[in-house]
Structures are given as structure tokens and as C-alpha cells.
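Residues per chain are reported as follows:
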Amino acid sequence: MTYCVAMRLSSGLVFVSDSRTNAGVDHISTFRKLHVFHQSDERVLVIQSAGNLATTQSIISLLHRRCSDDERENLLNVKSLYDAASLLGETVREVIARDSGANQGGNTDFSCNLLLGGQIKGEGLRLFHIYPQGNFIEATHDTPYFQIGESKYGKPIIDRVLSYDTALDQAMQCALISMDSTLRSNLSVGLPLDVMTYPTDSFSAAQQHRITETHPYFDMIRKGWGEGLLSIFGQLPPLKLEE
């Protein structure tokens with residue numbers, strides 16, 4: 001299992017992904033689930049992955065390999081983020097069809113979900129959720145974020161705090177608290193975290209960070225959020241259910 005969240009806001013994009021993979025209690029590993037395709041001053045595309053690890057690794061490897069072939073459509077030459085989402089969906093279908101076809105009669109789940117966000121020069125920010133079938137939906141002003149993987153524990157804080165006009169720093173704080181709630185409730189999601197913020201029109205991939213268990217800021221907000229919840233809970237009026 002995994003947990004990834006991406007936010008498309010008026011001022012930019014926020015991405016947070018865990019890095020744990022779990023194939024049983026004896027097979028826990030760390031793999032990066034946030035991948036950046038960058039062309040200086042022209043485009044930044046970020047992909048987050050959840051699902052079958054072999055499938056997602058094959059998809060990312062194919063996308064990277066095809067970026068070196070200028071004669072075919074790839075993530076570094078498509079004209080729009082919509083075209084990039086279509087290309088990613090086609091690659092998802094290609095890999096799943098290939099691997100599931102070679103496993104006829106088996107019960108392996110080859111599916112995956114992907115988030116694609118970024119900006120290509122000439123258009124605004126866009127964020128897509130690509131499904132295992134290769135189709136996709138796009139984030140809107142009313143729904144400015146997507147989650148994939150183990151999303152239920154981290155959703156309530158985002159729904160209470162986030163809006164399209166939330167500042168980037170506050171959105172990242174919200175995403176990190178959402179991740180902390182998931183880490184506390186599900187052992188199949190784990191540190192380190194890969195995080196990135198992308199300010200609108202910056203065309204820079206510089207604001208990437210890896211957060212480990214010893215990261216001082218993440219440790220501070222985890223403790224602060226937990227203590228704050230306990231304090232507010234203790235201030236609630238006495239229970240009175242009778243009218």
C-alpha cells in the first residue's frame with residue numbers, strides 16, 4: 001500500500017508521497033513514488049504512483065526511455081498536459097496488457113493509479129488522476145486535490161482545510177499532517193517521504209525534499225498537531241445528549 005496526495009492551487013502545486021512497499025510482513029522495502037520530468041524554462045511534469053510496483057516501475061522506465069526519441073511522442077515534446085495524461089494512460093494500458101497477458105490463469109493484480117501534475121509553457125497548471133484502465137479525470141477549482149493509495153485516513157484534514165486559494169506553504173503543511181494521520185493509522189504507509197512544491201510559472205523542479213524520521217520540521221508539526229488535538233478535545237463542553 002502507499003499514500004500519495006497532489007494539490008492544484010491558484011499559486012502552484014503540492015506533491016507528497018510515502019516510499020514504503022509491502023509484499024507481506026517480511027518484505028517491506030523503500031521505493032521512490034514521486035518522479036519528475038523537467039525541461040528547463042519549458043515544462044515540469046510530476047508523476048506519483050500507487051499500485052503494483054512492477055507495473056509502475058515499467059511505466060516510469062518506458063516514459064524515461066522514450067523521452068530520448070524525438071521522433072515519437074513523449075513527455076518532453078507533447079503540446080499540453082492533457083496530451084501528457086493521454087500518453088500516460090496509453091502507457092498504463094500497454095504495460096498492464098503485456099504483463100497480465102503473460103500471466104494468464106494467475107491472480108496477480110497488475111493495476112495501478114497515477115497522479116500527473118505540472119505545467120507546460122503556454123498553458124496553466126493542471127493535475128490529473130489516471131486510472132488502471134488508462135482513462136483520467138482532471139482537478140478543478142471545486143476539487144483541487146487528488147489522493148491515491150491509502151487515502152481515507154488523510155482525507156478529513158484536507159477537506160476541512162484546503163481550498164483552491166490556500167497558500168502553497170499552508171497546503172504543504174496540510175498535506176504533511178494528512179500524511180502523518182495516515183502513518184499513524186496504517187503500517188503499510190511509511191517514511192521517508194518525497195515532497196515537492198511547484199510555484200506557478202516557475203518551470204523549476206528545485207523545490208524537492210526527502211523527509212526522514214529525523215527531519216526536525218516534520219517532527220515538530222507531528223507533535224504540535226497531536227498535542228493541539230488533545231488540547232482542543234479537552235476543552236469541549238461536558239457530554240449532554242439529552243434535550
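Owing to the predicted nature of the structure, the values given are computational and were not obtained by experimental measurement. (Residues numbered from 1 in each chain as written. Predicted model: local features only at pLDDT ≥ 70, side-chain atom pairs only at ≥ 80, totals over all residues. Heavy atoms only, no water.)

**Student:** Give me the overall build of the protein: which residues, what numbers.
**Tutor:** Secondary structure summary: the protein contains 5 helices and 12 strands in total. On C-alpha atoms alone, the protein measures out to a radius of gyration of 19 Å, which is about the 18 Å that the 2.2 N^0.38 rule sets for 243 residues. Oriented by its inertia axes, the alpha-carbon framework of the protein measures out at about 70 × 45 × 40 Å. Taking all 243 residues of the protein together, 47% fall into the buried category. Counted over contacts in the protein with a minimum sequence separation of 6, partners at least 24 positions apart contribute 64%. (Helix = DSSP H or I, 4+ residues; strand = E, 2+ residues; numbered from the N terminus. Rg over C-alpha atoms; globule rule 2.2 N^0.38 Å. Buried < 20%, exposed > 50% of the residue type's maximum accessible area, 1.4 Å probe, protein only. Contact = heavy atoms within 4.5 Å.)

**Student:** Could you give me a rundown of the layout of surface pockets, with the residues and numbers involved?
**Tutor:** When its volume is computed, the largest pocket comes out at roughly 470 Å³. Around the largest pocket, the lining comprises 24 residues; the ones closest to its centre are Met 1, Thr 21, Ala 50, Gly 51 and Leu 53. Listing elements by their share of the lining of the largest pocket, those giving two or more residues are strand E3 (20–22), strand E6 (43–51), helix H1 (53–66), strand E7 (112–120) and strand E10 (145–149). With 4 residues, H1 is the largest single contributor of residues to the lining of the largest pocket. When grouped by side-chain class, the residues that make up the lining of the largest pocket number 8 nonpolar, 13 polar and 3 charged. The calculated volume of the second largest pocket comes to roughly 280 Å³. Around the second largest pocket, the lining is made up of 13 residues, and of these Asp 169, Met 172, Val 195, Thr 197 and His 209 lie nearest the centre. Elements supplying a minimum of two residues to the lining of the second largest pocket: helix H4 (168–185), strand E11 (193–199) and strand E12 (208–211). For the lining of the second largest pocket, the element with the most residues is H4, which contributes 5 residues. Grouping the amino acids of the lining of the second largest pocket by side-chain chemistry returns 7 nonpolar, 5 polar and 1 charged. (1 Å grid on protein atoms, 1.4 Å probe; cavity = no way out; pocket = protein on both sides within 12 Å on 5 of 7 lines; lining within 4 Å. Points joined across faces, edges and corners; volume = space filled by probe spheres on them. Nonpolar A, V, L, I, M, F, W, Y, C, P; charged D, E, K, R; others polar.)

**Student:** Tell me about the environment of Ile 211, residues and numbers included.
**Tutor:** By the secondary structure assignment, Ile 211 is in strand E12. Owing to a relative accessible area of 4%, Ile 211 belongs among the buried residues under this scheme. In sequence terms Ile 211 and Pro 192 are 19 residues apart; their C-alpha atoms lie 5.4 Å from each other. Those residues in contact with Ile 211, other than ones at most four positions away along the chain, are Leu 176, Leu 191, Pro 192, Leu 193, Val 195 and Phe 218.

**Student:** Pulling in residues and values, what's your account of the side chain of Thr 91?
**Tutor:** Position of Thr 91 relative to the elements: it lies in helix H2 (residues 81–101). What Thr 91 contacts, discounting residues up to four positions off in sequence, is Ile 59, Leu 62, Leu 63 and Arg 66.

In short, the description is geometric, and any link to function would need to be established separately.
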